[in-house]
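# Remarks on the overall topology
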Amino acid sequence: MSFDIFVCRFGNGELTPLDMSAAHEALDPYVVARDPRTNFLQVRTAEREEAGVFFSSPDTITFNRFGGGGIMELLAVLLRRLGAMLVVPGGPTVIQRDADRALLPAALRDEWPVVVARTGAEIDQAIRAS
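Predicted, not measured: the structure shown is a model, and the values here were computed from it.

Criteria and thresholds
- Residues numbered from 1 in each chain as written.
- Predicted model: local features only at pLDDT ≥ 70, side-chain atom pairs only at ≥ 80, totals over all residues.
- Heavy atoms only, no water.
- Helix = DSSP H or I, 4+ residues; strand = E, 2+ residues; numbered from the N terminus.
- Rg over C-alpha atoms; globule rule 2.2 N^0.38 Å.
- Areas by Shrake-Rupley, 256 points an atom, 1.4 Å probe, with all protein chains shown as cover.
- Lys, Arg positive; Asp, Glu negative; His and termini not counted.
- Charge placed at Lys NZ, Arg CZ, Asp CG, Glu CD.
- Salt bridge = Lys/Arg side-chain N within 4 Å of Asp/Glu carboxyl O.
- Buried < 20%, exposed > 50% of the residue type's maximum accessible area, 1.4 Å probe, protein only.

### Comments concerning the overall build of the protein
Of regular secondary structure, the protein possesses four helices and nine strands. Going from N to C terminus, the protein has its helices and strands arranged as β-β-α-β-β-β-β-α-β-β-α-β-α. A globule of 130 residues ought to have a C-alpha radius of gyration of about 14 Å, and the protein, at 14 Å, matches this closely. Across its three principal directions, the C-alpha atoms of the protein cover 40 × 30 × 20 Å. With an accessible surface of roughly 6600 Å², the protein has 50% of that area assigned to carbon and sulfur atoms. The average position of the 13 basic charges and that of the 17 acidic charges among the side chains of the protein differ by 3 Å.

### Some remarks on the pattern of salt bridges
According to the stated counting rule, one finds eight salt bridges in the structure shown. With a closest N to O distance of 2.7 Å, Asp100 and Arg97 form a salt bridge. The exposure class assigned to Asp100 is buried, which follows from its relative accessible area of 6%. The salt bridge involving Asp124 is made with Arg128; its shortest N-O contact spans 3.0 Å. Pair noted here: Asp124 and Arg128 are both in helix 4 (residues 120-129), with a separation of four residues, about one helical turn. Judged by relative accessible area, which is 58%, Arg128 ranks as exposed.

No statement about biological role is implied by the geometric values presented.
Written out as structure tokens, the structure reads:
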């Protein structure tokens, strides 16, 4: 898929910083290229699936040109590790637990679908269904 999706963490309806050290620990085994000037990583799974990953700000990680079960599973691991949600513009917001719904901003919670998805396959299904 060639659109952007965003890994974010919310508290009381506001973006909160992500643990970027934990994000790097989760992604580093899959990094095949990096550009520290632009905070960009290219990751590749054992299945040879790739994604561009941008550490956009202290509270957002952007995935671009992603796809396949291996990348989706890596994304699921990253979400669990960070206690984060996945925001798909024009699509669902993917949360790990139903209780996370209360942490979202009202616009995401009330105007777009919110889906509980814990595995890569569930995340992929949520995105494709939107």
